[in-house]
Amino acid sequence: MAKEKLLNPSRQHSLLAKIFHWGFVVLFLYGILKQVDDISQLADLALLRFELLFAFVLIVLLAARFTYMTKTQTSSLPKETSALQKLLARLVHLAMYLALASIALSGILIGVLYWIGIKSGLFIALVVNVQELSVTECYWLIGLHVARSEEHTSELQSPCNLV
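Let me sum up the structure you'll find in this document.

What counts, and where the lines are drawn
- Residues numbered from 1 in each chain as written.
- Predicted model: local features only at pLDDT ≥ 70, side-chain atom pairs only at ≥ 80, totals over all residues.
- Heavy atoms only, no water.
- Core = buried A, V, L, I, M, F, W, Y, C linked by side-chain atoms within 4.5 Å.
- Buried < 20%, exposed > 50% of the residue type's maximum accessible area, 1.4 Å probe, protein only.
- Helix = DSSP H or I, 4+ residues; strand = E, 2+ residues; numbered from the N terminus.
- Contact = heavy atoms within 4.5 Å.
- Phe/Tyr/Trp six-rings, centres within 6.5 Å; stacked < 30°, edge-to-face > 60°.
- Lys NZ or Arg CZ within 6 Å of the ring centre and 35° of its normal.
- Salt bridge = Lys/Arg side-chain N within 4 Å of Asp/Glu carboxyl O.

### A word on the nonpolar core
Membership of the largest hydrophobic core comes to 17 residues, with the highest contact counts inside it found for F24, F28, L62, L100, I103 and C138. Looking at this core, the elements that each hand over two or more residues are α2 (15-33), α3 (45-72), α4 (83-115) and α5 (122-157). Tallying contributions element by element places α4 first for this core, with six residues. With residues near it in sequence (within four places) discarded, F24 still touches L58, L61, L62, R65 and L100.

### Notes on the packing of aromatic side chains
The full count for this structure, using the stated rule, is five aromatic pairs. Geometrically, the ring pair formed by F50 and F54 is stacked, given 6.1 Å between the ring centres and 25 degrees between the ring planes. Placement of the pair is F50 and F54 together in helix α3, with a separation of four residues, close to one helical turn. Given the relative accessible area of 34%, F50 is considered partly exposed. Aromatic pair F66 and Y97: ring centres 5.0 Å apart, planes at 80 degrees, arrangement edge-to-face. Here F66 is found in helix α3, whereas its partner Y97 is found in helix α4, with 31 residues between them in sequence. For F66, a relative accessible area of 31% corresponds to the partly exposed category. On the accessibility criterion, Y97 (10% relative accessible area) is buried. Here a set of aromatic residues connected by ring pairs shows up, and it is made of Y30, F50 and F54. Between the NZ or CZ atom of K34 and the centre of the ring of F54, over which it lies, the distance is 5.0 Å.

### Re the pattern of salt bridges
Under the defined criterion, the tally for this structure stands at one salt bridge. Linking E51 and K34 is a salt bridge whose minimum nitrogen-to-oxygen distance equals 2.3 Å. With a gap of 17 residues between them, E51 in helix α3 and K34 in the loop between α2 and α3 connect regions that are remote in the sequence.

### Points about the environment of L62
Its place among the elements puts L62 in helix α3. According to the relative accessible area criterion, L62 is buried, its value standing at 6%. Here the alpha-carbon distance between L62 and Y97, two residues 35 residues apart in the chain, equals 7.4 Å. Setting aside residues up to four positions removed in sequence, L62 forms contacts with F24, Y97, L100 and A101.

As structure tokens, then:
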């Protein structure tokens, strides 16, 4: 298989798609690194406002990214990739969108509940658990996404495929 066929430029993502992709990597890492360790930290009104704003901006950007990617981009998987692998890749991407949205939406709900005085109890504990589960799901999905991406990159760069 010729190198040109494997690295078909029509399957490459646009600059904006790459900015969206790597921008979300940075946003996710930032969110994880600065996360609230204990819900009582939300007593700091400035932190509570920032957390709500960050989650809202994340939702807006996620919606913009999803819309842009689904309307303008196609899969960068090699043409020869099986239909099952393409379906699984699509499902992983959709699950990542849902998990990221769930993290932000549950964060907003936690912030609003705390702001209106519901600082403990079953409901807020449930929402916190949903958020923690969503973060864990994101870790697994991102790991799967990176592993498969690396596998496809290795396949494309294999000396057998470049001849």
